[in-house]
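Structural characterization, general
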Amino acid sequence: MPDTENVIAASRLSTELAASDLEHEAWEQARPVHLTRYWSGDEAPAGRHAEARLVWSESALCVRFVCRQSEPLVASATPQTETKTLGLWERDVCELFIAPDARRPERYFEFEAAPTGEWLDLRIQKLPDARETDWEYSSGMNAAAARVAGDLIIIAMRIPWDALGGAPGVDARWRANLFRCVGTGSTRGYLAWQPTHTARPNFHVPQAFGWLIFKGGTNEGRQR
């Protein structure tokens, strides 16, 4: 069933996670949110569904996507992960858009990660009739990915607080949205946690962003 709420609760950890800690038990502390609908609000096939969980620590925000992959990957045959990959949005990818200043959601950051471990980070300002993108923005983010259990792919990002202007406090409320692009050609799918309801696929609709709330942890610092 698709989410009807517009809130993501990110759980706080006292331990630090790396992007490569794809199956660390700390992820179970966060309530999953589900990507089951296209940007239009229409239900997507189950083979394209994904869930996301967000956790935060003293140093960084981490997000993990677990994606159903029932069709061939659309990915680079020669991926590189040393620098950002422009045009990553044209392949299979998961995305986080986040606006730390809830009063100005039109100023936000875009982070992408692919099943190949490739990544992209951008700083954006949405204007009434245009969009300004800082292509040289350097967040220091890390990404990792792996295929597990046949038709499941796990993708994670770690974004340091310096990249977002500083760490939030407990119960801070930021604006955010989550997306997944999958498939190719006329059947390409654009999934959104909070659908943007535009005439054509468009994720850059900050007024459609939901809320990201930074919760305190109840079992902080659990070790393996």
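Structure report, in brief. Only a predicted model underlies this, so the values are computations on that prediction, with no experimental measurement involved.

Reading the values: the criteria
Residues numbered from 1 in each chain as written. Predicted model: local features only at pLDDT ≥ 70, side-chain atom pairs only at ≥ 80, totals over all residues. Heavy atoms only, no water. Helix = DSSP H or I, 4+ residues; strand = E, 2+ residues; numbered from the N terminus. Buried < 20%, exposed > 50% of the residue type's maximum accessible area, 1.4 Å probe, protein only. Pairing = 2+ DSSP bridges. 1 Å grid on protein atoms, 1.4 Å probe; cavity = no way out; pocket = protein on both sides within 12 Å on 5 of 7 lines; lining within 4 Å. Points joined across faces, edges and corners; volume = space filled by probe spheres on them. Nonpolar A, V, L, I, M, F, W, Y, C, P; charged D, E, K, R; others polar.

Notably, D171 is not glycine yet its phi reads approximately 75°, a positive angle. Relative to the assigned elements, D171 resides in the loop between β10 (152-160) and β11 (173-182). In this structure D171 comes out as partly exposed when scored by relative accessible area, which is 45%.

Now for the pairing of β11. Among the 10 residues in β11, nine count as buried, and that is most of the element. As paired strands, strand β5 (residues 93-99) and β11 are joined by seven bridges and run antiparallel to one another. Note that in β11 the partner of L96 across the bridge is L178. Here β11 pairs with strand β12 (residues 189-192) via four bridges, running antiparallel.

Looking now at empty space enclosed by the protein. Left-over empty space is what a probe sized like a water molecule reveals as it rolls over the atoms. Counted under the stated rule, the structure contains two cavities of 30 Å³ or more. By volume, the largest cavity amounts to about 40 Å³. Lining the largest cavity, in full, are C67, Q69, D92, V93, C94, P115, I153, I155, R180 and C181. Elements with a contribution of two residues or more to the lining of the largest cavity: β5, β10 and β11. Looking at the lining of the largest cavity residue by residue, the classes come out as seven nonpolar, one polar and two charged. One number sums up the size of the second largest cavity: a volume of about 30 Å³. Taken together, L13, T15, E16, L17, V55, W56, S57, A60 and C62 make up the full set of residues lining the second largest cavity. The set of elements that each furnish at least two residues to the lining of the second largest cavity consists of β3 (50-56) and β4 (60-68).

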